[in-house]
Amino acid sequence: MLSHINYVIASINIPVEWLGIRVVKETQIHRHFRDAMPQVNGKNITLGAMIEVAIDGCIGYAATNYIDIQNLQFAAEKAYKQAFSAKKWWIYPFQVDRERPKVVGEYFSPFVESLDTLNAGEINDILVRICKTLKVSEQIVQTTAEAVTTERETWFVSSNGSEVYQKFLFLSTYYGVTAQDGINIQQRTNNGWQANSYQGGLELFRQNNLWEKVETIGKQALELLSAQECPTTSTNLVLAPDQMMLQIHESVGHPLEIDRILGDERNYAGGSFVNKDDFGKLEYGSPLMNITFDPTISGEMASYNFDDTGATAKREYLIKEGVLQRGLGSLESQARSGIDGVACARACSWNRPAIDRMANINLEPGTASLEEMLSGIEYGVYMESNRSWSIDDRRYKFQFGCEYGKLIENGKLTKTLRNPNYRATTPDFWHSLTKVGDRSTWEIYGTPFCGKGEPNQAISVGHGSPICLFSNVEVFGGGK
């Protein structure tokens, strides 16, 4: 493929300063069961190319699902016409050496078992067994199990010598139950909606403790039916890593996207409470807050060596000791804003241009074990597994609900709580960060469904976090 794209670039005849071609091939298989009955057993294959050209400080785009030289030439001509027509209105002058420097390299997702280790029947048998194992009682009124495997290959070649190949293997699994006792309905899943999303092979699906975890989910759903309602109070709040995933995503990741800060996303995905002049100054949270952009972690959902414009990915602090350091901005956004960014220009497929996106956004571990964290709490609430979320379009005020809670009394987890929720504003919440769990409490989760952009792009992101303690947070129940 690389030799073919190089040949095309050498053959395309249009008067541009720079030309780049990004080819994406993706194969996705989705299997979904409800109550042990098949709902989805589908396979989708897509292949196409995005062409970028630069002339007179302006960049143009065009995409095609045919990668022969004739159709790529036609797409390049369309991109050229677009750039030529738009060049008198550019926001800032595009510079090839700044926004598209030459880069050569490759990346491969880690895996132990390839995605075709099991055939369709074997995977379906496991999903059926998950559904049956989840039904621990007649009060379990619905069971669900699904697995999504994705193999994606990307090739990026440019007229100034860039040549990048990356191959990704993704696995997302989900299972859960709905339990009912009269009008009382409770849901319990494995860490929330498709939070178990990683790079790797089928070894991630066939974990040694799978059946123990499945049975626990069913039992906890029953436990929630007879649990007391979460109290309404302001108190100590301990969040598990699977809920911290969403907290980081919504109240740190999205507000730091530079194109959002510049106003590009205001019409659709909203803006941000963060301003351009806040970088290097804003005390985003307590000194215990250390957030990194890190696409180098093996197995995390959004790891890569190069973003979709060829920028080299490396670990960077977004927030260090509570102070905002840099934003989630591509090379273009960095040039426009003057804000330090990261290699985060990403596209969901071949038919979308790369825009500022999250990748792996992680809260770095602290020093407290779970036991040490709990031991200092006289009263509080513990929550895990996201159930619902709401946040305003500036990413300032939020309200999140979780599936499963526990009361904390005198340093111990005691009674189970149902319908646990909490609300706050982003700055107040992160300033209330009191203790951060150590490496033993740190866990990685991900999602393939982070949406943004017009036309919309759903993209994969990863979030790692330890367990965390926040003080004086408003918690409340969900009613009956």
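Cut-off values and rules
Residues numbered from 1 in each chain as written. Predicted model: local features only at pLDDT ≥ 70, side-chain atom pairs only at ≥ 80, totals over all residues. Heavy atoms only, no water. Phe/Tyr/Trp six-rings, centres within 6.5 Å; stacked < 30°, edge-to-face > 60°. Buried < 20%, exposed > 50% of the residue type's maximum accessible area, 1.4 Å probe, protein only. Lys NZ or Arg CZ within 6 Å of the ring centre and 35° of its normal. Pairing = 2+ DSSP bridges. Helix = DSSP H or I, 4+ residues; strand = E, 2+ residues; numbered from the N terminus. Core = buried A, V, L, I, M, F, W, Y, C linked by side-chain atoms within 4.5 Å. Axes fitted to C-alpha atoms, helices over the stretch in contact; angles between N-to-C directions. Parallel < 35°, antiparallel > 145°, perpendicular 65-115°, else oblique. Left-handed = near helix turned anticlockwise from the far one by under 90°. Contact = heavy atoms within 4.5 Å. Nonpolar A, V, L, I, M, F, W, Y, C, P; charged D, E, K, R; others polar. Salt bridge = Lys/Arg side-chain N within 4 Å of Asp/Glu carboxyl O. 1 Å grid on protein atoms, 1.4 Å probe; cavity = no way out; pocket = protein on both sides within 12 Å on 5 of 7 lines; lining within 4 Å. Points joined across faces, edges and corners; volume = space filled by probe spheres on them.

Student: Tell me about the packing of aromatic side chains, and please be specific about residues and values.
Tutor: By the definition in use, this model includes 17 aromatic pairs. Pairing Phe168 with Phe170 gives two aromatic rings, centres 5.8 Å apart and planes at 10°, and the pair type is stacked. Side by side, Phe168 and Phe170 carry an identical accessibility label, which is buried. One aromatic cluster in this structure is built from Phe398, Phe400, Tyr422, Phe429, Trp430 and Phe470. One cation-aromatic arrangement involves Arg129 over Trp211; the distance from NZ or CZ to the ring centre is 3.7 Å. Stacked on the ring of Tyr317, the Lys or Arg Lys320 has its end atom at 4.9 Å from the ring centre.

Student: Account for the pairing of strand β20 (residues 421–425), naming residues and giving values.
Tutor: Two elements, strand β18 (residues 397–409) and β20, share five bridges in a ladder whose sense is antiparallel. Looking across to β20, one finds that Lys397 is bridged to Thr425.

Student: Residues and numbers for the nonpolar core, please.
Tutor: Inside soluble globular proteins, nonpolar side chains tend to come together where they are buried. Ranked by internal contacts, the top residues of the largest apolar core, which has 57 residues, are Tyr422 and Trp430. If you look at the next biggest cluster of nonpolar residues, it comprises 24 residues, including Ile126, Ile130, Leu171 and Ala221.

Student: Can you lay out the sheet that holds strand β16 (residues 361–363) for me, pointing to particular residues and giving the numbers?
Tutor: Strand order in the open sheet formed by four strands is β13-β12-β11-β16, and the pairing between neighbours is antiparallel. What marks the edges here is a single partner per strand, and that holds for β13 (323–324) and β16.

Student: Go over the packing of helix α4 (residues 120–134) against helix α5 (residues 210–225) with me, naming the residues and quoting the values.
Tutor: Look at α4 against α5: their axes get within 8 Å of each other, and the N-to-C directions meet at 40°. With respect to their mutual orientation, α4 and α5 come out oblique. Regarding α4 and α5, the two cross each other, and that crossing is right-handed. Of α5, the residues touching α4 (which contributes Ile126, Arg129, Ile130, Thr133 and Leu134) are Leu210, Trp211, Val214, Glu215, Ile217 and Gly218. Classifying every residue of the contact of α4 with α5 gives seven nonpolar, two polar and two charged.

Student: Got a sec to walk through the pattern of salt bridges? Specific residues and values, please.
Tutor: Pairing between side chains of opposite charge can happen when their charged atoms approach one another. Scanning all chains against the criterion turns up 22 salt bridges. A salt bridge links Arg395 to Glu250, with the nearest nitrogen and oxygen atoms 2.2 Å apart. Separated by 145 residues along the polypeptide, Arg395 in the loop between β17 (379–391) and β18 and Glu250 in helix α6 (residues 241–253) bring together distant segments of the chain. Arg315 is paired through a salt bridge with Glu364; the nearest N and O atoms lie 3.0 Å apart. Highlighted residues: Arg315 in the loop between β11 (291–293) and β12 (316–320) and Glu364 in the loop between β16 and α9 (370–375), separated in sequence by 49 residues. A single network of salt bridges, built from pairs that share partners, joins Glu257, Asp259, Arg260 and Lys452.

Student: Got a sec to walk through the side chain of Ser465? Specific residues and values, please.
Tutor: For Ser465, the position within the fold is in strand β23 (residues 457–465). In this structure, Ser465 is in contact with Pro241, Met244, Ile248, Leu363, Thr441, Trp442 and Glu443, ignoring residues within four places of it in sequence.

Student: Break down the environment of Tyr317 for me, with residues and values.
Tutor: Mapped onto the elements of the fold, Tyr317 is located in strand β12. Among the residues examined, Tyr317 registers a relative accessible area of 27% and is labelled partly exposed. When the C-alpha positions of Tyr317 and Asn362 are compared, they lie 9.6 Å apart, and in sequence the two are 45 residues distant.

Student: Describe the side chain of Ser251, and please don't skip the residues or the numbers.
Tutor: Following the sequence through the fold, Ser251 ends up in helix α6. Here Ser251 is in contact with Tyr284, Ile391, Thr426 and Trp430, once residues within four sequence places are set aside.

Student: Mind laying out the layout of surface pockets, listing which residues take part and the relevant values?
Tutor: The computed volume of the largest pocket comes to approximately 820 Å³. Elements that contribute at least two residues to the lining of the largest pocket include exactly β3 (58–64), α2 (69–86), α8 (331–337) and β15 (355–356). Here the residues of the lining of the largest pocket sort into 15 nonpolar, six polar and eight charged.

Purely spatial values, then, with no claim about function.
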